Amino acid sequence: MDKKTKALIFPEGFFWGAATSSYQVEGANTNNDWWLWEQQDGRIADGQRCALACNHYHLYNQDFDIAKELGHNMHRFSLEWSRIEPKRGEWNQEAVEHYRRVILALKERGMTPAVTLFHFCLPIWVSEMGGFENREIVSLFQRYVTKVCRELGEHINYWFTINEPMVFLYKGYFDKTWPPGKNIGFQFFRIIRHMVQAHNQAYFAIHKISEQFPDKNTYVGLTKNVRIFQPYRGGSILDKLAAKFKDYFFNDYMMAKIFKSSAKTIDFIGLNYYTREFASLDILNPKELFRESRSKRADVTDLGWEIYPFGIYQALVKLKKYGIPIVVAENGLADKEDKKRAKFILDHLVQIHQAIEDGADIIGYLHWSLLDNFEWADGYRARFGLVEVDYQSQQRTIRDSARSYAEICRTNQIII
Ligand code: IFM
């Protein structure tokens, strides 16, 4: 190391790795609401369909070999509820055994599995009952969680109950680009309530069952997508109000509900951080408040999202107030040519390290994503992978940025 560079060292035992979700990588998840949603033309960019995705359902061993080669020691993935419980109350044991093999495959390679229980997709039979609009989801989710925890819990330390609840709500019920694509007005408060209850009941179920595994620590959290909202016109009181409102509603509202529960229901927070947004309020057109708006001048990703590393520091400081450990459960960018990813990772890690120095208890960093994958309504054009996927041949190619990140994972430090 020459004199002008310095090493920023991360805490001992820091988790390094990447994340995926079932629908986005496994392929052929034909029994959930997303699959149905896609069948109508015009909903997915470029007329695409999820189809076989990365065929990770069958190629997971090969993919985990790559993650191991890249020095990862944690991998976050989601269980596909619609495979495990294809019909109400009917369990598909073969799917459970599949996930047992997946988990063991990670452990054999020295990676800690971190499991998400709900990552945007509902079995068709649940969505037909109204999904999170229906109060029954709380007990149905609890029953599914109980089943998988009984079966697989002995191998799992980190559980994420729900992925990005406010994104799910926003996309499905405000801008209607995701299922169920409905406008339900103020009823969305009911959905938030059901999500909080589903999370809380899952928390209790997992801890109860985990008493059977006394040699193992069990931690239950969820992932929170935090966005940094700034007023579009710095001098405008209306825009300042808009930014404050969005910050409160998108970032804080649901977390506050979880922390107000009568008993403890969260052990750690997964932060998903991508970008900042600009908020504005036009009295003549108040609906515009809910539009996502990006900076026009900024350095952006292939999806036009501003690259704003300082935002991850701001998000971590925001979450620090809850006083529990935080894992960065997602952070990444669409960058097909891999021109920006290595710097993106480094710049965000500098900010994460600063947040640690400033007292945030951060236990890991998981990049989104291990593989290029199906980016919901944006289809396959957004390339988030450390590893490039050729969807025709299913060939994997490790990107250069993945190798730079591997060096960080192996050495537990960044050189700046
Ligand atoms: O691909 C998504 C993921 O499913 C949830 N968090 C954000 C990612 C990038 O948009």
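Just so it is clear, the structure is predicted and the values come from calculations on it, not from any experiment. (Residues numbered from 1 in each chain as written. Predicted model: local features only at pLDDT ≥ 70, side-chain atom pairs only at ≥ 80, totals over all residues. Heavy atoms only, no water.)

So, the overall build of the protein
Tallying secondary structure elements over the protein gives 13 helices and 14 strands in all. A globule of 416 residues ought to have a C-alpha radius of gyration of about 22 Å, and the protein, at 20 Å, matches this closely. Based on the C-alpha atoms only, the size of the protein along its principal axes is roughly 55 × 55 × 50 Å. Burial analysis of the protein (416 residues in total) assigns 60% to the buried set. Taking all contacts inside the protein whose residues are at least 6 apart in sequence as the whole, residues at least 24 apart take part in 78%. Surface summary for the protein: the accessible area is close to 17200 Å², and the carbon and sulfur share equals 51%. (Helix = DSSP H or I, 4+ residues; strand = E, 2+ residues; numbered from the N terminus. Rg over C-alpha atoms; globule rule 2.2 N^0.38 Å. Buried < 20%, exposed > 50% of the residue type's maximum accessible area, 1.4 Å probe, protein only. Contact = heavy atoms within 4.5 Å. Areas by Shrake-Rupley, 256 points an atom, 1.4 Å probe, with all protein chains shown as cover.)

Some points on the layout of surface pockets
Approximately 470 Å³ is the volume attributed to the largest pocket. Looking at side-chain class alone, the lining of the largest pocket contains 11 nonpolar, 6 polar and 9 charged residues. Looking at the second largest pocket, its volume works out to about 400 Å³. Considering the residues around the second largest pocket, the lining is formed by 14 residues, among which Phe-174, Asn-183, Phe-188, Lys-287 and Phe-290 are closest to the centre. The set of elements that each furnish at least two residues to the lining of the second largest pocket consists of α8 (165–173), α9 (188–210) and α10 (237–259). A breakdown of the residues in the lining of the second largest pocket according to their chemical character gives 9 nonpolar, 2 polar and 3 charged. (1 Å grid on protein atoms, 1.4 Å probe; cavity = no way out; pocket = protein on both sides within 12 Å on 5 of 7 lines; lining within 4 Å. Points joined across faces, edges and corners; volume = space filled by probe spheres on them. Nonpolar A, V, L, I, M, F, W, Y, C, P; charged D, E, K, R; others polar.)

Brief notes about the nonpolar core
The biggest cluster of nonpolar side chains holds 125 residues, and the ones touching the most others in it are Trp-34, Leu-79 and Ile-352. A total of 10 residues in this core trace back to one element, the largest contributor, which is α9. With residues near it in sequence (within four places) discarded, Leu-79 still touches Ser-22, Ile-84, Tyr-99, Val-115, Thr-116, Leu-117, Tyr-144, Val-148 and Leu-152. Residues Phe-15, Ala-114, Val-327 and Leu-366 belong to the second largest nonpolar core, which totals 10 residues. (Core = buried A, V, L, I, M, F, W, Y, C linked by side-chain atoms within 4.5 Å.)

Some words on the side chain of Ser-261
Inspection of the secondary structure assignment puts Ser-261 in the loop between α10 and β8 (268–272). A relative accessible area of 17% means that Ser-261 is categorised as buried. A polar contact of 3.0 Å, which involves the side chain of Ser-261, links it to the side chain of Asn-200. (Polar contact = N/O pair within 3.5 Å; in protein donor to acceptor, adjacent residues only side chain to side chain.)

Quick notes on helix α5 (residues 93–108)
Here α5 contains 16 residues, and its C-alpha end-to-end distance of 22 Å stays within 8% of the 22 Å for a straight helix at 1.5 Å per residue. Three or more residues of α5 are buried, namely Ala-95, Val-96, His-98, Tyr-99, Arg-100, Val-102, Ile-103, Ala-105 and Leu-106. At its buried positions, α5 is contacted by α1 (22–25), α3 (56–69), β3 (74–78), α4 (81–84), β4 (112–118) and α7 (137–152). Of the residues flanking the start of α5, the one acting as N-cap is Asn-92, its side-chain oxygen 3.0 Å from the backbone nitrogen of Glu-94. Just past α5, the residue Gly-110 takes up positive phi, approximately 80°. (Expected span 1.5 Å × (residues − 1).)

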